[in-house]
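For reference, the chains in residue letters:
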Amino acid sequence: MSLESAVLIETPEQIFLRVYRQIRPHAKPPRITIGFRKFANANSFIRLEEGHLETRITDVLDGAPAYVIEALAHILISKLARRPPERVYQERYRRYLNRKEMRRSLMLLRQSRGRKQLRDPRGHQFDLDALFEELNFRFFYGLMARPTLGWSLRPSRTTLGHYDPSHNAIVLSSWLDRPEVPALAVEYVLFHEMLHLRYPVEHRGLRRCVHTAEFKEAEKQFPEWKEARRLLKKL
Ligand SMILES: [Zn+2]
């Protein structure tokens, strides 16, 4: 490496220091350490203690271009300074993570490092495997390969179900696994998640488009969908 290029290339620590000075021009510059860690997702952490700025970054970004590290530095240091990061950096970072190869490596990462925690599909009240086969037969000619099914560890009232493509798993909120909940409501939530498996999420630039027009149309195949939605609202 020539002396010239050594001057031009900033290390991640130098980038963080430069951004820190920019965001907090009056604060004393901290000592900076950055570690790349094997997380199961794209999370990064930052903390400042006694003049020491410690940052842990997902190893997926190890070797990312300097402009991406710079964007992440803006996001993390702004968080530390309790102010929203400038939009341009947020978007730059998001766009990088949203790139096809990036999405792929993040998905592989979740598969290999993250553990999916769920409860047995045979719940107290409803058996998800049996319900799946019934819906599969009714709406998909029995052709849909059965994903991993299970009840969530924590009962959530807001997320009643979700499909996780990296684990190929459908999880329903254990909040639904109660005698007061009509079978129709559970069937509808499961059917909705099965449609997510049938129509994978489309990525359009920065936006994730989850419920496409095609998806919404397919959802209406469920004859009692209006009734099911009403029941869920009432719950
Ligand atoms: Zn959905």
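The structure we're discussing is the one just above.
This write-up is about the structure you can find in this document. (Residues numbered from 1 in each chain as written. Predicted model: local features only at pLDDT ≥ 70, side-chain atom pairs only at ≥ 80, totals over all residues.)

## Quick notes on the sheet that holds strand S6 (residues 169–172)
Put simply, the test is: Strand pairing requires that DSSP identify at least two bridges connecting the strands. By definition, any uninterrupted DSSP run of H or I lasting at least four residues is a helix, any uninterrupted run of E lasting at least two residues is a strand, and each is numbered from the N terminus. Angles here are taken between N-to-C directions and fall from 0 to 180 degrees, while the axes themselves are lines fitted to C-alpha atoms, restricted in helices to the stretch in contact. Two residues qualify as a contact pair if the distance between their C-beta atoms, derived from the backbone, is within 7 Å.
As summarised here, the arrangement of the three strands in space is S4-S6-S5, forming an open sheet in which the pairing is mixed. Unpaired on one side and paired on the other, strand S4 (148–151) and strand S5 (161–164) mark the two borders of the sheet. The average angle at which neighbouring strand axes cross in this sheet is 15°, direction not considered. Pairing of S4 with S6 involves four bridges; the strand directions are parallel. Counterpart to threonine 148 in the pairing with S6 is alanine 169. Contacts from helix H7 (residues 183–198) reach S5 and S6 within the one sheet, and its direction differs from that of S5 by about 20°.

## Quick notes on the nonpolar core
The condition is simple: Under the definition applied here, buried Ala, Val, Leu, Ile, Met, Phe, Trp, Tyr and Cys residues are grouped into a nonpolar core through C-beta atoms within 7 Å. Comment: burial labels come from other C-beta atoms within 10 Å of the residue's own C-beta, placed from the backbone, where a count of 20 or more is buried, 12 or fewer is exposed, and between is partly exposed.
Leu128, Leu172, Val186, Val189 and Leu190 are the most contacted members of the largest nonpolar core, which has 23 residues in total. Listed by contribution, the elements that provide at least two residues to this core are helix H6 (128–139), S4, S6 and H7. The element best represented in this core is H7, accounting for eight residues. Beyond its immediate chain neighbours, meaning those up to four positions away, leucine 128 contacts Pro121, Gly123, Leu149, Gly150, Leu172 and Leu190. Core analysis: the next-biggest nonpolar cluster, separate from the first, contains 14 residues, Val19, Ile57, Ala73 and Ile75 among them.

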